[in-house]
Amino acid sequence: MSSSNDSLVIAGRSFSSRLIVGTSRYPDPQTMLAALEASGTEMVTVAVRRVSLTDGSKESLMSMLRGKWSVLPNTAGCYTAKEAVLTAQLAREALDTNWVKLEVIGDDETLFPDVTELLKAAELLLADGFVVLPYCNDDPITCRKLADMGCAAVMPLGAPIGSGMGIRNPYNLRIIREQCSVPLIVDAGVGTASDVAVAMELGIDGVLLNTAIAQAERPVDMARAMRLAAEAGRLAYGAGRVPRRLYAKASSPLDGIVGRDE
């Protein structure tokens, strides 16, 4: 893989950044805007059920984002397929986009997806002409089903939402990477820049994150760190790491060492 012209392509759209960044939980709007800028992201997520999509005032979230970033509405806070579909349709009407990050949560404690309702919602939204990016468990079977039905990407969690626990199951992510031809985006659980680098080194196509930046002590600095980690991890993945070995192997050749052959 060459490092040049290495874009993230989702549903025919190219993005130079491999980070998708959320817009909630920042200490203030100015910090949010500065962090988004520092992250280098081109796409941001907005929770449709938690913000006003129609407020046209200069201080509204949408007025601050429009024209600077592509807005990906998400169905956070939905617990059934019916709720998620209705929320996506409202977002399409208000924001004039058929893209949606699909979330259907199973419970308030873990915020894990309800797989049955998620699959049902994805099928309904695809039939309604949406470009669906579903947040799901790191389960290869679920991810393959979502990809096979036509989702534009699959977005398995790295760890529970907001936990900051990082990539807890790299083995499943590797299986998903091998079995799904659509873009694979780690969504949820990232805590710091090294987590992003690990995801990229696994061959993951992108990372969606929010809390790790918004709740950092210095969000703007953390956003820049995430940007650099994504670039470094992706470059390392393309460069091809050396094999892991149980025993040492000298990095310098032993041939010709004085006295060795005597």
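Predicted model, so just to flag it, every value in this text is computed and none were measured.

Peer 1: Any chance you could explain the confidence of the model for the protein here in plain terms?
Peer 2: A low pLDDT means the predicted coordinates there should not be read in detail. Summarising the model, the protein shows a mean pLDDT of 90, and 90% of its residues fall at 70 or more. Per-residue pLDDT, averaged within each element of the protein, yields its smallest value for helix α2 (residues 61–65) (85) and its largest for helix α4 (residues 115–127) (98).

Peer 1: When you look at helix α9 (residues 219–239) in this model, what are you seeing that I'm missing?
Peer 2: Spacing of three or four residues puts side chains on the same side of an α-helix, whose turn is 3.6 residues. With 21 residues, α9 extends 30 Å between its outermost C-alpha atoms, agreeing within 8% with the 30 Å of an ideal straight helix rising 1.5 Å per residue. Turning to α9, its buried residues number three or more, namely P219, M222, A223, M226, A229, A230, G233 and R234. One face of α9 carries all of its buried residues, which in axial projection span an arc of 120°. Exposed residues on α9 whose side chains face more than 90 degrees from its buried face are R224, L235 and A239. Close packing links the buried residues of α9 with β3 (19–22), α1 (29–39), α7 (193–201), β10 (206–209) and α8 (211–214). Among the residues trailing α9, G240 stands out with phi positive, at a value near 85°.

Peer 1: Hey, could you run me through the packing of aromatic side chains in this one?
Peer 2: A ring pair, where both rings are aromatic, is described by two values, the distance of the centres and the angle of the planes. Counted by the stated rule, this structure contains one aromatic pair. Residues F15 and W99 carry aromatic rings whose centres are separated by 6.4 Å and whose planes lie at 75° to one another, so their mutual orientation is edge-to-face. Highlighted residues: F15 in strand β2 (residues 13–15) and W99 in strand β6 (residues 99–102), separated in sequence by 84 residues. Each member of the pair, F15 as well as W99, is classed as buried. Across from the ring centre of W99, 4.8 Å away, lies the NZ or CZ of R13, which sits over that ring.

Peer 1: Help me understand the packing of α7 against α9, please; the structure alone is not making it clear to me.
Peer 2: Any two packed helices are characterised by the angle at which their axes cross and by the distance between the axes. Remark: α7 packs on α9, axes separated minimally by 7 Å, with the N-to-C direction vectors making an angle of 25°. Between α7 and α9, the interaxial angle falls into the category roughly parallel. With respect to the hand of their crossing, α7 and α9 are arranged in right-handed fashion. Of the residues in α9, those in contact with A193, V196, A197, M200 and E201 of α7 are M222, A225, M226, A229, A230, G233, R234, A236 and Y237. Residues belonging to the contact of α7 with α9 are distributed by class as follows: eleven nonpolar, one polar and two charged.

Peer 1: Please explain α4 as it appears in this structure.
Peer 2: Here α4 is 13 residues long and its end C-alpha atoms lie 18 Å apart, about the 18 Å a rise of 1.5 Å per residue gives. Burial in α4 covers these residues: E117, L118, L119, A121, A122 and L125. As for α4, its buried residues are in contact with α3 (81–95), β6, β7 (131–136) and α5 (140–149). The distance from a side-chain oxygen at the start of α4 to the backbone nitrogen of T116 is 3.3 Å, and the residue carrying that oxygen is D114. After α4 finishes, the residue G129 shows a positive phi value of roughly 90°.

Peer 1: Quick question: what am I supposed to make of the nonpolar core here?
Peer 2: Nonpolar side chains in soluble globular proteins tend to end up buried together. Judged by nonpolar contacts, the single largest core of 63 residues is most densely connected at L65, L102, V196, V207, L209, I213 and M226. Those residues in contact with I213 that sit more than four places away from it in its chain are V21, Y26, A35, P219, M222, A223 and M226. Membership of the second largest hydrophobic core comes to 14 residues, among which are L8, F15, V131 and I185.

Peer 1: Even after reading the chapter, I still don't get empty space enclosed by the protein, so can you show me in this structure?
Peer 2: To find leftover empty space, a probe the size of one water molecule is rolled over the atoms. Scanning the model with the defined rule gives one cavity of 30 Å³ or more in all. Estimates place the volume of the largest cavity at around 40 Å³. Taken together, L8, I10, F15, S17, L19, I20, T41, E42 and M43 form the lining of the largest cavity. Looking at the lining of the largest cavity residue by residue, the class counts come to six nonpolar, two polar and one charged.

Parameters and conventions
- Residues numbered from 1 in each chain as written.
- Predicted model: local features only at pLDDT ≥ 70, side-chain atom pairs only at ≥ 80, totals over all residues.
- Heavy atoms only, no water.
- pLDDT = per-residue confidence, 0-100.
- Helix = DSSP H or I, 4+ residues; strand = E, 2+ residues; numbered from the N terminus.
- Expected span 1.5 Å × (residues − 1).
- Buried < 20%, exposed > 50% of the residue type's maximum accessible area, 1.4 Å probe, protein only.
- Arc of directions from axis to C-beta.
- Contact = heavy atoms within 4.5 Å.
- Phe/Tyr/Trp six-rings, centres within 6.5 Å; stacked < 30°, edge-to-face > 60°.
- Lys NZ or Arg CZ within 6 Å of the ring centre and 35° of its normal.
- Axes fitted to C-alpha atoms, helices over the stretch in contact; angles between N-to-C directions.
- Parallel < 35°, antiparallel > 145°, perpendicular 65-115°, else oblique.
- Left-handed = near helix turned anticlockwise from the far one by under 90°.
- Nonpolar A, V, L, I, M, F, W, Y, C, P; charged D, E, K, R; others polar.
- Polar contact = N/O pair within 3.5 Å; in protein donor to acceptor, adjacent residues only side chain to side chain.
- Core = buried A, V, L, I, M, F, W, Y, C linked by side-chain atoms within 4.5 Å.
- 1 Å grid on protein atoms, 1.4 Å probe; cavity = no way out; pocket = protein on both sides within 12 Å on 5 of 7 lines; lining within 4 Å.
- Points joined across faces, edges and corners; volume = space filled by probe spheres on them.

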